[in-house]
Amino acid sequence: MKVDYELDGEFALIKMDDGKANAMDAVFFDEFGDALDKAENEQGKVVIISGRPGFFSAGLDLKFLSKLSREELNKFILKEADIMLRVYSFPKPTLAACCGHAIGSGALLAFSCDVRFAQDGPYRLHVNEVLGGVPLMSWMLLIARAAIPPRWHVEALLHARPYSPGEALERQLVDGVADVEVDFEAFFRTSARNLARLSPQAYALSKQRMQDGGRQRVLELLRSELPT
């Protein structure tokens, strides 16, 4: 298992842990989709997405990608986009607990969540696609621009600047950073408890209206932006 799900009272816990860097492959997204199904259908009020010590996620599994044909690669990209956009538009509050590196698609997963918290340390939050020669797709930009203040769009996305947890907090890319001596889980669960007090029905409908059809627009563009 690369992704584990647990219902803990009012919290639906999705934990990524492959014993390594939480790299994303087809199995990862299948398991993540199953976890989202459970989180949506069960009674948890807030979804908390976390990683393993040192890694939220290092992004896509490049070794896995290198073995795919063009057709298989495009199918995988469609699956990734579907999962990321599902988190982005999830009807319940979502919280990313970044206890380590969040790089590439790992950063995008964090940005897909409504709020983000990071643990201080020698970690990077880094949308590195342009640095690696990968054009950002419209669905990626929708997610990233919803989380990153406009002042930092060019620096974070086009210039692919990596951020330490403290630098990410300064730019409001995350909502809080826990010092190394602080219990990280207790730190972010305080915010999660506040989110759990919100009306589920009002939250879901308001979130849908606030996103204003953006998900549908990028889905319509998706196939035209696939690698050829």
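Keep in mind it's a predicted model, so treat the numbers as computed, not measured.

Draft legend 1. Inspection of the sheet that holds strand 4 (residues 54–57) at higher detail. Here three strands make up an open sheet; going across it, the order is 4-6-8 and the pairing parallel. Every other strand in the sheet has two partners, leaving strand 4 and strand 8 (125–126) as the edge strands with one partner each. Sheet analysis places strand 6 (residues 100–103) next to strand 8, joined by two bridges and oriented parallel. Residue pairing for strand 8: Ala-102 is matched across the bridge by Leu-125. In the packing of helix 4 (residues 105–112) onto the sheet, the strands contacted are strand 4, strand 6 and strand 8, and the crossing angle to strand 6 comes to about 95°.

Draft legend 2. Up close: unusual backbone geometry. The backbone of Asn-22 shows a phi angle near 55°, a positive value even though the residue is not glycine. By relative accessible area, which is 1% here, Asn-22 ends up buried. The phi torsion at Ala-160 lies on the positive side, around 50°, for a residue other than glycine. Locating Ala-160 in the fold gives a position in the loop between helix 6 (153–158) and helix 7 (165–170).

Draft legend 3. Here's a closer look at the pattern of salt bridges. For the structure shown, the criterion picks out 11 salt bridges. Residue Lys-79 pairs with Asp-30 through a salt bridge whose shortest N-O separation is 2.7 Å. Of the two residues, Lys-79 sits in helix 3 (residues 70–88) while Asp-30 sits in helix 1 (residues 26–41), which places them 49 residues apart along the sequence. With relative accessibility at 29%, the residue Lys-79 sits in the partly exposed group. Residue class for Asp-30 comes out partly exposed when judged on its relative accessible area of 40%. Note that Glu-185 and Arg-189 form a salt bridge whose closest N and O atoms lie 2.9 Å from each other. Here Arg-189 and Glu-185 lie together in helix 8 (residues 184–196), a separation of four residues that amounts to about one turn.

Draft legend 4. Structural context of the packing of aromatic side chains. All chains considered together, the criterion is met by six aromatic pairs. Between Phe-117 and Phe-187, the ring centres sit 5.9 Å apart and the planes meet at 85°, which makes this aromatic pair edge-to-face. Highlighted residues: Phe-117 in strand 7 (residues 115–119) and Phe-187 in helix 8, separated in sequence by 70 residues. Using a relative accessible area of 29% as the deciding quantity, one classes Phe-187 as partly exposed. An aromatic cluster of at least three residues, connected via ring pairs, comprises Phe-28, Phe-29, Phe-32, Phe-64 and Phe-76. Geometry around Trp-152 places Arg-151 over its ring, the cationic atom sitting 4.3 Å from the centre.

So, how was this worked out
- Residues numbered from 1 in each chain as written.
- Predicted model: local features only at pLDDT ≥ 70, side-chain atom pairs only at ≥ 80, totals over all residues.
- Heavy atoms only, no water.
- Pairing = 2+ DSSP bridges.
- Helix = DSSP H or I, 4+ residues; strand = E, 2+ residues; numbered from the N terminus.
- Contact = heavy atoms within 4.5 Å.
- Axes fitted to C-alpha atoms, helices over the stretch in contact; angles between N-to-C directions.
- Buried < 20%, exposed > 50% of the residue type's maximum accessible area, 1.4 Å probe, protein only.
- Salt bridge = Lys/Arg side-chain N within 4 Å of Asp/Glu carboxyl O.
- Phe/Tyr/Trp six-rings, centres within 6.5 Å; stacked < 30°, edge-to-face > 60°.
- Lys NZ or Arg CZ within 6 Å of the ring centre and 35° of its normal.

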